[in-house]
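Breakdown of the fold
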Amino acid sequence: MATPADAQQSSGLRRHIGLGHGIALYVSAILGAGVLVLPGQVASLAGPASLISWAVACLMGVPLAMLFARLARRYPDAGGVATYVSHGLGRTAGGIAGWMFFVAGAVGQTIVPLTGGYYLVEAFGLSHGAAYLIAGVILGCATAANLIGLKVSAVVQLAMAAGVALLLVLAIVAAVPDMNASTLTPFAPHGLGPVGEGVIILFFAFAGWEAISHLVGEFRDPDRDLPKAVTATVLIVTMLYMGVAAAVVLTATYGTPAIDHVAIALLLENLAGPHATLIAAFGALIISLGTTNAFIAGVSRLAYALARDGWLPPTVARVSTSSVPWGGVIAVAAIAYTGLVLAFSQDWGTETLIVVPSTLVVAVYILASLSGAKLLRGAGRTAAVSVIAICAIVAPSAAPNLLIPVAVIALALLARLIWRPT
């Protein structure tokens, strides 16, 4: 992989992200599909003990934020996690890590728009299949916004982040009258095994740290603004995620895919009555579009870096005169649309699709934290070791899906043989 200095000089990407825009991108990326469907899905899996899964995932957010912030400041390259692992574990490991996160991020953009589709279908009484069509429209809008240029969407991104936070706060407040401690028993109806599985699933909900780290080279003042953006995001995300998870469990708003897919709308019923589904649908549209926009922005830059270094076709490294990595944007959108078509044809829901990015993100975390432990000192190394320890505890729960990262590694090595620079 190129050195950070070489990358900054040759990438053609401008420094244009300020503090407010950075916080909006982080919050929009973290508060994504997970907050729409995962509270109910994980609760259905582990029962009230799912709160432990959420607590562990939120706890991991602290060292993760520190790890990726420190790595991003030291290696501010569009390659993000691929660059970090390349410096820590070698170029081949870096390319593989980049491929795993690229696939996870691209497949994630099948899942995120689909969650918005669920809420709109519920609000307007549309057919189940309409959720996939709506998802395609959301994905198209986010793709277009990125092709126009990230800077154009700065004000909109800020408004989206604020709207998402407000929606979740309203859902938590609305659930208070129906909260009942009796729903906590039995606490672990399926044993403690599903708690670990729940943490693995929730890795998808916290994948934004890597996605946005690819944009650190475009912060106007990363030394000043990046730590502030990370700190603000950790506090916001922890309060909102734990609040919504507790609301779902304490009101028993889970149990079937139909309920899990629209849990936020059901929580809002006490506050908004018959208008709850419309309010939730509007919020879901905002959060889906905002998250998709942020992830395409980050993952397209990773795709750009992978192509630049011979891990993807050279066309993917194309950058427009306005500094838009359009080759990467198109690559991410193409994979996401392929996922939507397959999901529709096979009737796959988000609960089926999410295993792909979640498992790959676990592998990315392990590689990145091993690299961080080697490259960083002080608090950065402590953060890396903490992530390694948490991953070691929960990783066995991902064992049934081991073929997913193995397949991606094989594809990455094949791509390297084809497009390696001569």
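Okay, so let's go over this structure. Nothing here was measured: the structure is a model prediction, and the numbers come from that model.

**Here we look at the overall build of the protein chain**
Along its length, the protein chain carries 20 helices and zero strands. Taken over C-alpha atoms, the radius of gyration comes to 20 Å for the protein chain, in line with the 22 Å a tight globule of 422 residues would show. In terms of overall dimensions, the protein chain has C-alpha extents of about 60 × 45 × 40 Å along its principal axes. Relative to its full complement of 422 residues, the protein chain shows a buried share of 60%. Sequence separation of at least 24 residues holds for 84% of the intrachain contacts in the protein chain that already meet a minimum separation of 6. Between the averaged position of the 18 positive side-chain charges in the protein chain and that of its 15 negative side-chain charges there is a distance of 19 Å.

**Points about the pattern of salt bridges**
This structure, assessed with the given rule, holds three salt bridges. Close ionic contact of Arg-224 with Asp-221 constitutes a salt bridge, the shortest N to O distance being 3.8 Å. Here Asp-225 and Arg-224 are joined by a salt bridge, their closest N and O atoms 2.7 Å apart. Among the residues examined, Arg-224 registers a relative accessible area of 46% and is labelled partly exposed. A cluster of three or more residues bridged by salt bridges with shared partners is formed by Asp-221, Arg-224 and Asp-225.

**Concerning the packing of aromatic side chains**
What the rule picks out here adds up to six aromatic pairs. Taking the centre distance of 6.3 Å and the plane angle of 50° together, the rings of Phe-68 and Tyr-84 count as tilted. Remark: Tyr-84 occurs in helix α5 (residues 81–89) and Phe-68 occurs in helix α4 (residues 50–74); sequence separation between them is 16 residues. Across this residue pair, the class does not change: Phe-68 and Tyr-84 are buried.

**Description of the packing of α4 against helix α11 (residues 222–250)**
The N-to-C vectors of α4 and α11 enclose an angle of 170°; their axes lie 10 Å apart at closest approach. Relative to α11, the element α4 lies roughly antiparallel. Contacts from Ser-50, Leu-51, Trp-54, Ala-55, Cys-58, Gly-61, Val-62, Ala-65, Ala-69, Ala-72 and Arg-73 in α4 reach Pro-222, Asp-223, Leu-226, Pro-227, Val-230, Val-234, Thr-238, Tyr-241, Met-242, Ala-245, Ala-246 and Val-249 in α11. The residue inventory of the contact of α4 with α11, partitioned by class, reads 18 nonpolar, three polar and two charged.

**A closer look at helix α6 (residues 91–124)**
Side chains three or four residues apart in an α-helix point the same way, a direct result of the helix having 3.6 residues per turn. For α6, built from 34 residues, the straight-helix expectation of 50 Å at 1.5 Å per residue is met to within 8% by its first-to-last C-alpha distance of 50 Å. Its axis deflected by about 25° at Gly-108, α6 carries its strongest bend there. Counted residue by residue, α6 has 30 buried out of 34 residues, so it is predominantly covered. Backbone geometry just after α6 places Gly-125 at a positive phi near 65°.

Rules used throughout
- Residues numbered from 1 in each chain as written.
- Predicted model: local features only at pLDDT ≥ 70, side-chain atom pairs only at ≥ 80, totals over all residues.
- Heavy atoms only, no water.
- Helix = DSSP H or I, 4+ residues; strand = E, 2+ residues; numbered from the N terminus.
- Rg over C-alpha atoms; globule rule 2.2 N^0.38 Å.
- Buried < 20%, exposed > 50% of the residue type's maximum accessible area, 1.4 Å probe, protein only.
- Contact = heavy atoms within 4.5 Å.
- Lys, Arg positive; Asp, Glu negative; His and termini not counted.
- Charge placed at Lys NZ, Arg CZ, Asp CG, Glu CD.
- Salt bridge = Lys/Arg side-chain N within 4 Å of Asp/Glu carboxyl O.
- Phe/Tyr/Trp six-rings, centres within 6.5 Å; stacked < 30°, edge-to-face > 60°.
- Axes fitted to C-alpha atoms, helices over the stretch in contact; angles between N-to-C directions.
- Parallel < 35°, antiparallel > 145°, perpendicular 65-115°, else oblique.
- Nonpolar A, V, L, I, M, F, W, Y, C, P; charged D, E, K, R; others polar.
- Expected span 1.5 Å × (residues − 1).
- Bend = angle between axes of the 7 residues up to and from the residue.

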